[in-house]
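Architecture and fold: a report
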Amino acid sequence: MDKLTIIPPGRALEGKVSPPGSKSITNRALLLAGLSKGESRLTGALKSADTKHMANALRAMGVSVEEPDATSFVVTGTGRLNAPSGPLFLGNAGTATRFLTAAAASVDGTVIVDGDEHMRKRPIGPLVDALRRLGISAEAPTGCPPVTIDGNGRFGSGRIEIDAGLSSQYVSALLMAAPLASAPVTIALTGTEIGARGYIQLTLDAMAAFGAKAEQVDDATWTVMPGDYEATDFHIEPDASAATYLWAAEMLTGGRIGIGTAADKFTQPDAKSHAVMATFPHMPAEIDGSQMQDAVPTLAVLAAFNETPVRFTGIENLRVKECDRTRALSLGLNAIREGLAEEDGDDLIVHSDPALAGQHLPADIDTFADHRIAMSFALAGLRISGITILDPLCVGKTYPGYWDALASLGVEYEH
């Protein structure tokens, strides 16, 4: 299936949809379970391309990862990772790539962490530089994957400073690997800027569940004590980023979609977007997307139908996601109607027009193989006829059942 045209339902969407498990938490839990000695059972987990890459990489490094059902992993580890027989291929999974790059530093041997053509454009230099300053041999000649790590069987200790302005995943990667050191590790930001800070708390909570001892010293410093991870049973909450599409579909059609979890019960940062969506069609003139980055594509498409224009700020990091999402959003919105969006530096301005609803505006949306671009622009097709999503199966990266979920609410498609 190389394209999918959304047929506007012409009515409010009502029903119940269960979003998949959180990608962010699933990949954290998989790694921590893999670093633990003994058997861990992960329930409520996401099964998608991203988590498949993490599971396969762990298997290649000597961890047993079984999948007894559609939402569970049973992970059995020895407390350490072994050098794989070949490069670890992680597709375009940013979490798996960054997390395993740091964890691989504890391996006795050589580990090559690589990805697809898109991952090879995503920066990892700050993390590699931090590993070097810990005395670890790590090389990424282009500043992006592939990364080669020559480990000596232990993670480095001491104080390390890192620039996390591009991604909080660098800090999460170091935090999760730090207990493998022989002495305390202190991780400090070179500045206070950090992309999506809330994901650091997700990391710390997951580490605590597996027995690690980490302390946040201040807004820019964390200290982690050495110690073994403890195998445990761990339940993963639904994916808040996936929930944003359902929330927006509800707002756009005036419907009611039950997802089984209240917005204020999520621990993931993207859940903060629900409060912004709740103001539709009177969304604020300026939205700071820095702490809910994966929700910005959803918000931007919703903003196209707002009563007044919306400027998105704090979204510099969107340019180094699975694709340049700011550019992809601008191109997609302007494909629907020229002048609907513009880029102003790293800001995105959406020139909202509620009169778009009900129009026939044929547009082929280039997703750039980015799951979030595909899922977000599908929302435009709920109110505008003629919206065609190219490469619709790219949603399999985090939400393989997305098109079926919309169909369960009564949305129909043309192939």
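Residues numbered from 1 in each chain as written. Predicted model: local features only at pLDDT ≥ 70, side-chain atom pairs only at ≥ 80, totals over all residues. Heavy atoms only, no water.

1. A word on the overall build of the protein
- Check the secondary structure of the protein and you find twelve helices and 22 strands.
- A globule of 415 residues ought to have a C-alpha radius of gyration of about 22 Å, and the protein, at 21 Å, matches this closely.
- Reported as C-alpha extents along the three principal axes, the dimensions of the protein are approximately 65 × 45 × 35 Å.
- The burial tally for the protein puts 59% of its 415 residues in the buried class.
- Excluding contacts between residues fewer than 6 apart, the proportion of contacts in the protein whose partners are at least 24 apart in sequence is 73%.
- Of the roughly 15100 Å² that the protein leaves accessible, carbon and sulfur atoms contribute 49%.
- Of note, the protein has its 33 positive side-chain charges centred 3 Å away from the centre of its 50 negative side-chain charges. (Helix = DSSP H or I, 4+ residues; strand = E, 2+ residues; numbered from the N terminus. Rg over C-alpha atoms; globule rule 2.2 N^0.38 Å. Buried < 20%, exposed > 50% of the residue type's maximum accessible area, 1.4 Å probe, protein only. Contact = heavy atoms within 4.5 Å. Areas by Shrake-Rupley, 256 points an atom, 1.4 Å probe, with all protein chains shown as cover. Lys, Arg positive; Asp, Glu negative; His and termini not counted. Charge placed at Lys NZ, Arg CZ, Asp CG, Glu CD.)

2. Topic: the sheet that holds strand S5 (residues 72-78)
- Taken in spatial order, the four strands make up an open sheet running S4-S5-S3-S14, and their pairing is mixed. Where the open sheet ends on each side, the last strands, each with one partner, are strand S4 (64-69) and strand S14 (234-235).
- Examined bridge by bridge, S4 and S5 share four bridges and lie antiparallel to one another. When the bridges of S5 are listed, Glu66 appears paired with Val74. (Pairing = 2+ DSSP bridges.)

3. Observations regarding the sheet that holds strand S12 (residues 214-218)
- Strand order across the open sheet formed by four strands is S10-S11-S13-S12, with mixed pairing between neighbours. In the strand order of this sheet, the two ends are held by strand S10 (158-162) and S12, each with one partner. Strand-to-strand twist of the sheet, defined as the mean angle between neighbouring strand axes without regard to direction, takes the value 20 degrees.
- In the sheet, S10 pairs with strand S11 (residues 185-189) via five bridges, with the strands oriented parallel. Of the residues in S11, the one forming a bridge with Ile162 is Leu189.
- Where helix H6 (residues 198-209) meets the sheet, it contacts S12 and strand S13 (221-224), and its direction lies at approximately 145 degrees from that of S12. (Axes fitted to C-alpha atoms, helices over the stretch in contact; angles between N-to-C directions.)

4. Quick word on unusual backbone geometry
- Following Pro145, the chain continues to Pro146 via a peptide bond in cis, the omega torsion being 10 degrees.
- By the secondary structure assignment, Pro146 is in the loop between strand S8 (137-139) and strand S9 (147-152).
- The residue after Phe280, namely Pro281, is reached through a cis peptide bond having omega 10 degrees.
- Looking at where Pro281 falls in the secondary structure, it is placed in the loop between helix H8 (273-277) and strand S16 (286-288).
- If you check the backbone angles, Phe368 has positive phi at about 55 degrees while not being a glycine.
- Phi is positive for Ala369, close to 60 degrees, though the residue is something other than glycine.

5. Points about the side chain of Thr326
- Inspection of the secondary structure puts Thr326 in helix H10 (residues 325-336).
- The exposure class of Thr326 is buried, given its relative accessible area of 0%.

6. Some words on the packing of helix H4 (residues 125-133) against helix H5 (residues 169-177)
- Between H4 and H5, the shortest axis-to-axis distance is 9 Å and the interhelical angle comes to 35 degrees. Crossing of H4 over H5 shows right-handed handedness. The segment H4 lies against H5, with Pro126, Leu127, Ala130 and Leu131 engaging Tyr170, Ala173 and Leu174.
- A breakdown of the residues in the contact of H4 with H5 according to their chemical character gives seven nonpolar, no polar and no charged. (Left-handed = near helix turned anticlockwise from the far one by under 90°. Nonpolar A, V, L, I, M, F, W, Y, C, P; charged D, E, K, R; others polar.)

7. Notes on the nonpolar core
- Ranked by size, the top nonpolar core spans 76 residues in total, and within it Leu31, Leu42, Leu58, Phe155, Val171 and Leu175 carry the most contacts.
- Once residues within four sequence positions are removed from consideration, Leu58 is found in contact with Leu30, Leu31, Val63, Val65, Leu81 and Leu100.
- The next biggest cluster of nonpolar side chains, apart from the first, holds 70 residues, and it includes Ala240, Val296, Ala380 and Leu406. (Core = buried A, V, L, I, M, F, W, Y, C linked by side-chain atoms within 4.5 Å.)

8. Focus on the pattern of salt bridges
- Scanning all chains against the criterion turns up 22 salt bridges.
- Measuring nitrogen to oxygen at the nearest pair gives 3.9 Å for the salt bridge that ties Lys321 to Asp294. Linking Lys321 in the loop between strand S17 (310-313) and H10 with Asp294 in the loop between S16 and helix H9 (296-303), this pair joins segments that are 27 residues apart in sequence. For the pair shown, Lys321 and Asp294 are each scored as buried.
- Across the salt bridge formed by Arg325 and Glu322, the nearest N and O atoms sit 2.7 Å from each other. Neither residue differs from the other here; Arg325 and Glu322 are each classed as buried. (Salt bridge = Lys/Arg side-chain N within 4 Å of Asp/Glu carboxyl O.)

9. Considerations on H4
- Taken as a whole, H4 has its buried residues at Gly125, Pro126, Leu127, Val128, Ala130 and Leu131.
- If you follow the buried residues of H4, they end up packed against helix H3 (94-103), S8, S9, S10 and H5.
- Following H4 by one or two positions, Gly135 has its phi on the positive side, about 85 degrees.

10. Comments concerning the environment of Phe73
- Mapping Phe73 onto the fold places it in strand S5.
- Residue Phe73 is classed as buried on the basis of its relative accessible area, which comes to 1%.

11. A closer look at the environment of Arg327
- You can see Arg327 is positioned in helix H10.
- A relative accessible area of 40% places Arg327 in the partly exposed class.
- Measuring from C-alpha to C-alpha, the distance between Arg327 and Glu342 comes to 9.0 Å, with 15 residues separating the pair along the chain.
- Excluding residues within four positions of it along the chain, Arg327 makes contact with Arg319 and Glu343.

12. Here we look at the packing of aromatic side chains
- A full pass over the atoms with the stated rule returns six aromatic pairs.
- Centre to centre, the rings of Tyr402 and Trp403 are 5.1 Å apart; their planes meet at 65 degrees, and the pair counts as edge-to-face. Here Tyr402 matches Trp403 in class, with each residue buried.
- Chaining the aromatic ring pairs together yields one cluster made of Tyr245, Tyr399, Tyr402, Trp403 and Tyr413.
- Its end group placed over the ring of Phe73, Lys47 keeps NZ or CZ at 4.7 Å from the ring centre. (Phe/Tyr/Trp six-rings, centres within 6.5 Å; stacked < 30°, edge-to-face > 60°. Lys NZ or Arg CZ within 6 Å of the ring centre and 35° of its normal.)

Geometric descriptors of this kind do not, in isolation, establish any biological role.
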